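What follows is the residue order along each chain.
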Amino acid sequence: MRISDEIKNRLTEAFQPYELDVVDDSESHRGHVGFREGGETHFNVRIRASAFEGQARVAQHRAVHQALGPELLKQIHALALDVKA
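Scope of this entry: the structure provided in the associated data block. Since the structure is predicted, the reported quantities are computational estimates derived from the model, not experimental observations.

Quick notes on the rules
Residues numbered from 1 in each chain as written. Predicted model: local features only at pLDDT ≥ 70, side-chain atom pairs only at ≥ 80, totals over all residues. Heavy atoms only, no water. Phe/Tyr/Trp six-rings, centres within 6.5 Å; stacked < 30°, edge-to-face > 60°. Helix = DSSP H or I, 4+ residues; strand = E, 2+ residues; numbered from the N terminus. Buried < 20%, exposed > 50% of the residue type's maximum accessible area, 1.4 Å probe, protein only. Pairing = 2+ DSSP bridges. Axes fitted to C-alpha atoms, helices over the stretch in contact; angles between N-to-C directions. Expected span 1.5 Å × (residues − 1). Arc of directions from axis to C-beta. Contact = heavy atoms within 4.5 Å.

1. Some remarks on the packing of aromatic side chains
Moving on, step 1. A complete count under the given rule lists 1 aromatic pair for this structure.
Moving on, step 2. With 4.6 Å between their ring centres and 35 degrees between their planes, Phe15 and Phe52 make a pair best called tilted. Of this pair, Phe15 sits in helix α1 (residues 3-15) while Phe52 sits in the loop between β2 (42-48) and α2 (57-68); the two residues are 37 residues apart in sequence, bridging distant segments of the chain.
Moving on, step 3. Residue Phe15 is classed as buried on the basis of its relative accessible area, which comes to 10%.
Moving on, step 4. Judged by its relative accessible area of 1%, Phe52 is buried.

What follows is the structure in structure tokens.
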């Protein structure tokens, strides 16, 4: 399974978002540290879910990282998050 699909699946399961965009931005980082041929190293995630209601930004980001899990995060070099309730 592609990493981008795994990100979508885990975030959907954890938060039931009403909006979720996962963009593989790896190609724009070609030649930089962490880039791998074939991509799937740099991601931009935009997620909107009522589960984040009342949480500070740090808590929202921690919740996303927890939902993704350490084994998946080890495969990702960069993860940009745009999280809102």
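2. Comments concerning the sheet that holds strand β1 (residues 19-24)
Moving on, step 1. Within the open sheet, the 3 strands sit side by side as β1-β2-β3. Their pairing is mixed. With partners counted over all chains shown, the strands left at the sheet margins are β1 and β3 (78-84), one partner each. Strand-to-strand twist in this sheet, taken as the mean axis angle between neighbours without regard to direction, amounts to 10 degrees.
Moving on, step 2. Taken together, the 7 bridges between β2 and β3 define a ladder with parallel strand orientation. The residue of β3 that forms the bridge with Arg48 is Lys84.

3. Focus: α2
Moving on, step 1. In this model, α2 (12 residues) spans 17 Å end to end at C-alpha, consistent with the 16 Å of a helix rising 1.5 Å per residue.
Moving on, step 2. Among the residues of α2, Gln60, Ala63, Val64 and Leu68 are the ones counted as buried. Down the axis, α2 shows its buried residues gathered within 135 degrees of arc, on one side only. Along α2, the residues that are exposed and aim more than 90 degrees away from the buried face are Val58, Arg62 and Gln66.
Moving on, step 3. On its buried side, α2 packs onto α1, α3 (70-73) and β3.
Moving on, step 4. Backbone geometry just downstream of α2 places Gly69 in the positive-phi region, at approximately 85 degrees.

4. Let's talk about unusual backbone geometry
Moving on, step 1. Positive phi outside glycine occurs at Gln16, with the angle close to 45 degrees.
Moving on, step 2. By the secondary structure assignment, Gln16 is in the loop between α1 and β1.
Moving on, step 3. Residue Gln16 is classed as exposed on the basis of its relative accessible area of 56%.

In short, the description is geometric, and any link to function would need to be established separately.
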